Amino acid sequence: MILLFNPRATNHNPRIPNSVLQIAASIDGIYEWIIVDGNLEKDPWTVIENYLSTGKIKYFACTVMPGPQLKQAIPFTKKIRASYSHIKIIFGGYFASNQYKVNLDSGYVDYIVNGPGDNTFPQLINAIENNLQVDGIKNLIYKKDEQIFKTAKEELLDLDKLPALPYHKLNNFYPFQKLLPKTYLGKKTIAYHSSFGCPFTCSFCAVVPIYNARWKGKSAQGIYNDVKLLKDTYQADSIEFHDNNFFVSEKRTVEFAKLIEKENMVWWGEARIDTMDKYKDESLAAIRKSGCKMIFFGAETGNDEVLKKMDKGGTQTGKQILEFAERLRKFDIIPEYSFVLGIPGDTEEQVNKQIDEDIAFIKKVKAINPKTEIIIYTYSPVPTEGSDMYKQVLDSGFKFPERLEDWISPAWENFDLRKNPLTPWLKPYMIDKIKQFETVLNGYYPSNSDIRLTAPKKIILKTISSWRYKSSFYSFPKEISFLQRVWKYRQPETEGF
Ligand code: B12
Ligand code: SF4
């Protein structure tokens, strides 16, 4: 029997655990599987241990993204290896694939599924069950005789041909209603993933090393059929598309918009500014009419030179970021712009100056379209081998942890959350400046995605933050952070997106 584990990633809104559910779909009807969702268990280790003590579990298969999920994935796996050494441990997900060396060197991860696991996972289990070689299985990383082997990457799969996700079986483990949280979009929000990869190669992005500029999406009709099923069966009223880049194909998006319009559902997804700026006006209008209220974009920075250095790989410019915010305002679609501050520079002055310029640029965006939701990340390197930026990162002396356990130290957890990146070029005063600006910005423009923050609270926050925002005086905004703490203000990115 295979135990699929989704470690806790969020304290607030558990969502459909698509990563492990898609793996469940790949073996459903072939191998017996059970699922433990760390987001829905107070004490997942006891639940896992109860399953282990039955003696039936042969495989522990765990998905891992960086950050909070590691806090359960690492210690639980270690305990399993120590007490149940016969169990094979298989990791998948972005952290496992991108940081494969540290995972395999730990001695308690046997195999890593490097990218989509839909074919790889059943093939791997079949090979282990039948004592076959694994070297012919694509998308796999493993260690043999102290040497790491990476097998070839598989062509991207046709999502319309993959087995349907076993939602009804998940419902036997966890009442499905608990997996449809109330969000900014609606009362019962579906998390749906409709494509693999992304066609671009931004040098800071964790998707790039896994997908190498490849993208493949499910058909609009296929997405609609799944969403309709969830609406009819579980009364879902809204959709969060978890694709890295949902809007790659204008044709697919518009087709989907036309199909979903009659269902009266609100939806959201992630896109690129330069891609969507090419969309026709009627396409943007159709998207809005169909229920798309807000779209997430990686704006990154207003500086064209830096955009080039980040290898945005497209045509995005600072001017376009501003004009597009204005364009979306006319269509009543809220742009959710994320910015990456603190990228490496040749000198300390240059890094600091870029932060100041980015802050000024964010204020320009807000002036053009005040409804724009701003998300600020500090730059956290990902191992995008071959990119100039990653080379600069390594030259600066930056190193990832060498032991798996080190990833759960508080400092590296903050790195994962892109809050305090431990990057040598970013000095403490710069981090303070970014954080203080963010506090003032969130005070003057409280996020609409925090649905618990009432209108009067928003007015109070805005009023007390006003003089700081207008005079660009951000130092020690204690009065604002005090209120945000008391009212448990949730920034858009901690809420999830
Ligand atoms: C949903 C999600 C979340 C949810 C998790 C909810 C939940 N139920 O667990 C929330 C919102 C909590 C979250 C948080 C974070 N996330 Co997140 N998240 C995602 C997102 C959008 C979708 C994941 C998903 O469900 N994918 C759908 C499945 C089907 O695809 P998949 O995971 O790739 O799975 C396939 C393969 O990878 C593989 N596979 C995956 N797992 C496993 C396991 C096994 C055993 C096997 C065999 C195979 C396998 O097979 C699957 C099927 O083919 C991804 C981006 C993405 N598009 O995947 C980011 C992503 C994983 N998150 C990321 C990050 C960094 C975070 C944060 C840590 C930081 C942040 N600020 O965003 C935060 C933590 C914040 C906090 N306070 O906790 C990054 C990881 C980047 C990196 N450096 O590795 C991603 C890639 C987004 C991005 N492009 O930057 N996240
Ligand atoms: S467009 Fe987005 S998902 Fe695609 S490579 Fe760039 S940052 Fe990553």
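What counts, and where the lines are drawn
- Residues numbered from 1 in each chain as written.
- Chains lettered and ligands numbered in written order.
- Predicted model: local features only at pLDDT ≥ 70, side-chain atom pairs only at ≥ 80, totals over all residues.
- Helix = DSSP H or I, 4+ residues; strand = E, 2+ residues; numbered from the N terminus.
- Rg over C-alpha atoms; globule rule 2.2 N^0.38 Å.
- Buried ≥ 20, exposed ≤ 12 C-beta atoms within 10 Å, placed from the backbone.
- Near = placed C-beta within 6 Å.
- Nonpolar A, V, L, I, M, F, W, Y, C, P; charged D, E, K, R; others polar.
- Pairing = 2+ DSSP bridges.
- Axes fitted to C-alpha atoms, helices over the stretch in contact; angles between N-to-C directions.
- Contact = placed C-beta atoms within 7 Å.
- Right-handed = clockwise from strand over helix to strand, strands pointing away.
- Domains from an automatic or database assignment.
- Core = buried A, V, L, I, M, F, W, Y, C linked by C-beta atoms within 7 Å.

How should I be thinking about the overall build of the protein chain in this particular structure?
For the protein chain, the helix and strand inventory stands at 21 helices and 15 strands. The globule rule puts the C-alpha radius of gyration for 497 residues at 23 Å, and the 23 Å found for the protein chain is close to it. Viewed in the frame of its principal axes, the protein chain has a C-alpha envelope of about 70 × 55 × 45 Å. For the protein chain, with 497 residues in total, the buried portion stands at 45%.

Help me understand the site of ligand 2, please; the structure alone is not making it clear to me.
Taken together, the residues surrounding ligand 2 are Cys198, Phe200, Thr201, Cys202, Cys205, Val207, Val208, Asn244, Asn245, Arg272 and Gly298. Residue composition of the shell around ligand 2, grouped by class: six nonpolar, four polar and one charged.

Teacher, can you tell me more about the sheet that holds strand S15 (residues 373-378) here?
Sheets are built from strands paired through backbone hydrogen bonds, the pairs being either parallel or antiparallel. If you trace the six strands from one edge of the open sheet to the other, you get S8-S11-S12-S13-S14-S15, paired in parallel fashion. Every other strand in the sheet has two partners, leaving strand S8 (189-192) and S15 as the edge strands with one partner each. The mean angle between the axes of side-by-side strands here comes to 20 degrees, regardless of whether they run parallel or antiparallel. Packing against the sheet, helix H15 (residues 348-368) makes contact with strand S14 (334-341) and S15, and its axis sits at approximately 175 degrees to S14.

Would you explain the pairing of strand S3 (residues 59-63) in this entry?
Two faces make up the sheet, and in a regular strand the side chains alternate between them. Counted residue by residue, S3 has five buried out of five residues, so it is predominantly covered. Residues Tyr59, Ala61 and Thr63 line one face of S3 and the alternating positions Phe60 and Cys62 line the opposite face, and both faces are buried. Where strand S1 (residues 2-6) lies against S3, four bridges are found, and the strand directions are parallel. Looking at the pairing, Phe5 lines up with Cys62 of S3. Bridge analysis of S3 against strand S4 (residues 88-92) gives five bridges, and the strand direction is parallel. Across the sheet, Phe60 pairs through a bridge with Ile89, a residue of S4. For the handedness criterion, the β-α-β arrangement of S3, helix H3 (residues 70-83) and S4 is classed as right-handed.

Any chance you could explain the domain arrangement of the protein chain here in plain terms?
Often, the extent of an interface is quoted as the loss of accessible area on bringing the components together. By domain assignment, the protein chain separates into domain 1 (2-150) and domain 2 (159-495). Using only C-alpha atoms to locate each centre, domain 1 and domain 2 end up separated by 27 Å. Facing 31 residues of domain 1, the contacting portion of domain 2 comprises 34 residues. Contributing elements (two or more residues each) for the side of domain 1 that touches domain 2: helix H1 (18-27), strand S2 (33-37), H3, helix H4 (94-98) and helix H5 (100-105). The element that contributes the greatest number of residues to the side of domain 1 that touches domain 2 is H1, accounting for six residues. Grouping the amino acids of the side of domain 1 that touches domain 2 by side-chain chemistry returns 13 nonpolar, 13 polar and five charged.

Help me out: how do you make sense of the nonpolar core in this one?
Counting residues in hydrophobic clusters, the biggest one holds 127 residues, and the most contacted among them are Leu3, Leu4, Phe60, Ala61, Ile112 and Ile190. Tallying contributions element by element places strand S13 (residues 292-300) first for this core, with six residues. The two domains that each donate at least three residues to this core are domain 1 (2-150) and domain 2 (159-495). Not counting the four nearest positions on each side in its chain, Ala61 is found in contact with Ile2, Leu3, Leu4, Ile23 and Ile90.

Would you mind going over the sheet that holds strand S7 (residues 147-150) with me for this structure?
Pairing in this open sheet of seven strands is mixed, and the strands run S2-S1-S3-S4-S5-S6-S7 from one edge to the other. Where the open sheet ends on each side, the last strands, each with one partner, are S2 and S7. Averaged over all neighbouring strand pairs, the angle between strand axes comes to 20 degrees, with direction disregarded. Contacts from H1 reach S1, S2, S3 and S4 within the one sheet, and its direction differs from that of S1 by about 160 degrees. Across the sheet, H3 touches S3 and S4, and the angle it forms with S3 is around 170 degrees.

Help me out: how do you make sense of the environment of Trp407 in this one?
Of note, Trp407 is situated in the loop between helix H16 (388-395) and helix H17 (410-416). Separated by 45 residues in the primary sequence, Trp407 and Arg452 place their C-alpha atoms 32 Å from one another. Each residue touching Trp407, except ones within four places of it in the same chain, is listed here: Leu70, Ile74, Pro401 and Trp412.

Is there a simple way to explain unusual backbone geometry in this structure?
The bulk of non-glycine residues show a negative phi, and the bulk of peptide bonds are trans. Within the chain, Gln235 stands out as a residue other than glycine whose phi angle is a positive 60 degrees. Turning to its location among the elements, Gln235 is positioned in the loop between helix H9 (220-234) and strand S11 (238-241).

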